Amino acid sequence: MRDLGTFLDDTIQAFLKPRPIVRLETIRILAPLAIVGFMSSRVVHAEDWLATTGFRIPALSDDWRQPASWAGLPPWLAWSIAITLVLSGLATAAGAFTRASAGVFAALLAYVALADRMAAFTVSKIAPVIALAIALSPAGARWSVDAWRRRRKFPRAVVATHVSFGSVAFFQVFLPVFYLSSGLFKARGAWLHHYYPYVLFTHLHDSYQTPVSWFLANHMPAFGWTALQWVTVAFEALAPLWFTLKWTRPFAFAWGLAMHAMIGMMFGPVAWFSLLMMSLLVGSYAPATLLDPGLVRVRRS
């Protein structure tokens, strides 16, 4: 019993220990760029996207799928919001007035996701949460415009190498939970049903098809798609286990990167979603010394 208590105590202490700040900064740089890239196809059509000149979904007050119903904006205001969205995202990635820019970025992402439900996909829904998490963290302390300004003002100031656990742990927990929910819904659907062994194969033939998906659809054996379908469900549904155990974490990290790389190459516009998930994976689970070789010297000293 004492051994179990010691194990639990060690696990909790390991979870609560400070994390290398390079993880947070990696997410702060890469995630907003992927989000802005996803939003770019909407921003260039700001009038049709947010203004009164475009199609607006009628208000459905009793439908849970439409949590908000807002009137369209004047074209000039729609363009102002779209441009501010892009600028705040780029400022967050650059680390310029990070907390303020990330806060504005999160608020505008939440607005556009609710203002046009037809254009809201996975990236639209998780992007406000990611931006808000960055805004509430000490992101921008390194590799940023804010850090450069601080260094000019205080040349001898000590640069932080670690940050409190919560700022990074949020993303490290978010990913397995996201995969878990995705895997459970796939398992409850047709992905594991023996009557539907080619669900994944059918995804290759819609408007998202790329040269890579066309090539694989014509050359990969049919049973390979069924096996890949089952492996994907196993990876996602058991993601909390794979990412918690130290000896399975590197394999889960590698598989996650490979999976999203293939999704990005095989399903055209979904590439931005893949880049966002890969940025979260790299920031959360890539070896910290690979992200910042300077940590090797800190550890040795």
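Below or above, wherever it landed, is the structure these notes cover. (Residues numbered from 1 in each chain as written. Predicted model: local features only at pLDDT ≥ 70, side-chain atom pairs only at ≥ 80, totals over all residues. Heavy atoms only, no water.)

1. A word on a nonpolar patch on the surface
On the surface, a cluster of nonpolar side chains totalling about 420 Å² of accessible area is made up of Ile-12, Phe-15, Leu-16, Val-173 and Val-177. Put simply, the parts of the chain that give the nonpolar patch at least two residues each are α1 (2-16) and α8 (165-188). Tracing the backbone shows Val-173 in helix α8. Among the residues examined, Val-173 registers a relative accessible area of 41% and is labelled partly exposed. (Patch = residues over 30% accessible without salt bridge, like charges linked within 9 Å, V, L, I, M, F, W, Y side chains within 5 Å. Areas by Shrake-Rupley, 256 points an atom, 1.4 Å probe, with all protein chains shown as cover. Salt bridge = Lys/Arg side-chain N within 4 Å of Asp/Glu carboxyl O. Helix = DSSP H or I, 4+ residues; strand = E, 2+ residues; numbered from the N terminus. Buried < 20%, exposed > 50% of the residue type's maximum accessible area, 1.4 Å probe, protein only.)

2. Considering the environment of Val-44
Residue position: Val-44 is located in the loop between α2 (21-43) and α3 (46-50). Judged by relative accessible area, Val-44 falls into the exposed class, the value being 53%. Separated by 228 residues in the primary sequence, Val-44 and Trp-272 have C-alpha atoms spaced 16 Å apart.

3. Description of the packing of aromatic side chains
Overall, the coordinates contain eleven aromatic pairs when judged by the stated rule. Where Phe-170 meets Phe-171, the ring centres are 5.3 Å apart and the plane angle is 85°; that geometry is what we call edge-to-face. Phe-170 gets classed as partly exposed once you look at its relative accessible area, which sits at 33%. Here the aromatic rings of Phe-201 and Trp-225 are separated by 6.1 Å at their centres, their planes lie at 55°, and the arrangement is tilted. Highlighted residues: Phe-201 in helix α9 (residues 199-202) and Trp-225 in helix α11 (residues 222-237), separated in sequence by 24 residues. When its relative accessible area of 25% is taken as the criterion, Phe-201 is described as partly exposed. (Phe/Tyr/Trp six-rings, centres within 6.5 Å; stacked < 30°, edge-to-face > 60°.)

4. A look at unusual backbone geometry
Positive phi is not limited to glycine here, since Phe-97 has a value of about 50°. If you trace the backbone, Phe-97 turns up in the loop between α4 (75-94) and α5 (98-115). By relative accessible area, which is 53% here, Phe-97 ends up exposed. The backbone of Trp-143 shows a phi angle near 50°, a positive value even though the residue is not glycine. Inspection of the secondary structure assignment puts Trp-143 in the loop between α6 (122-135) and α7 (145-153). Classification of Trp-143 as partly exposed rests on a relative accessible area of 40%.

5. Brief notes about empty space enclosed by the protein
Inspection of the entire model under this criterion finds one cavity of 30 Å³ or more. Quantified by volume, the largest cavity comes out at close to 30 Å³. Lining of the largest cavity is provided by Met-39, Arg-42, Trp-49, Val-112, Ala-113, Asp-116, Ala-119, Ala-120 and Ser-124. Only α2 and α5 provide two or more residues apiece to the lining of the largest cavity. Looking at the lining of the largest cavity, its residues break down into six nonpolar, one polar and two charged. (1 Å grid on protein atoms, 1.4 Å probe; cavity = no way out; pocket = protein on both sides within 12 Å on 5 of 7 lines; lining within 4 Å. Points joined across faces, edges and corners; volume = space filled by probe spheres on them. Nonpolar A, V, L, I, M, F, W, Y, C, P; charged D, E, K, R; others polar.)

6. What to know about the pattern of salt bridges
A side chain of one charge can pair with a side chain of the opposite charge when the charged atoms of the two come close. Applying the stated criterion across every chain, the model contains four salt bridges. Two residues, Arg-149 and Asp-146, come together in a salt bridge whose shortest N-O distance is 3.4 Å. Of this pair, Arg-149 and Asp-146 both sit in helix α7, three residues apart, which is roughly one turn of that helix. The exposure class assigned to Arg-149 is partly exposed, which follows from its relative accessible area of 39%. Accessibility expressed as a relative area gives 10% for Asp-146, which makes it buried. Glu-236 is the partner of Lys-186 in a salt bridge, and the nearest nitrogen-oxygen pair spans 3.0 Å.

7. Let's talk about α5
Taking 1.5 Å of rise per residue, 18 residues should cover 26 Å, and α5 covers 25 Å from first to last C-alpha, within 8% of that figure. Of the positions making up α5, those classed as buried are Thr-98, Ser-101, Ala-102, Phe-105, Ala-106, Leu-108, Leu-109, Tyr-111, Val-112, Ala-113 and Ala-115. Looking at the buried positions of α5, the neighbouring elements they touch are α2, α3, α4, α6 and α7. (Expected span 1.5 Å × (residues − 1). Contact = heavy atoms within 4.5 Å.)

8. Here we look at the nonpolar core
Of all hydrophobic cores here, the largest spans 58 residues; its most connected members are Met-39, Leu-50 and Tyr-179. For this core, the element with the highest residue contribution is α2, accounting for ten residues. The next biggest cluster of nonpolar side chains, apart from the first, holds ten residues, and it includes Trp-191, Val-199, Ala-217 and Phe-267. (Core = buried A, V, L, I, M, F, W, Y, C linked by side-chain atoms within 4.5 Å.)

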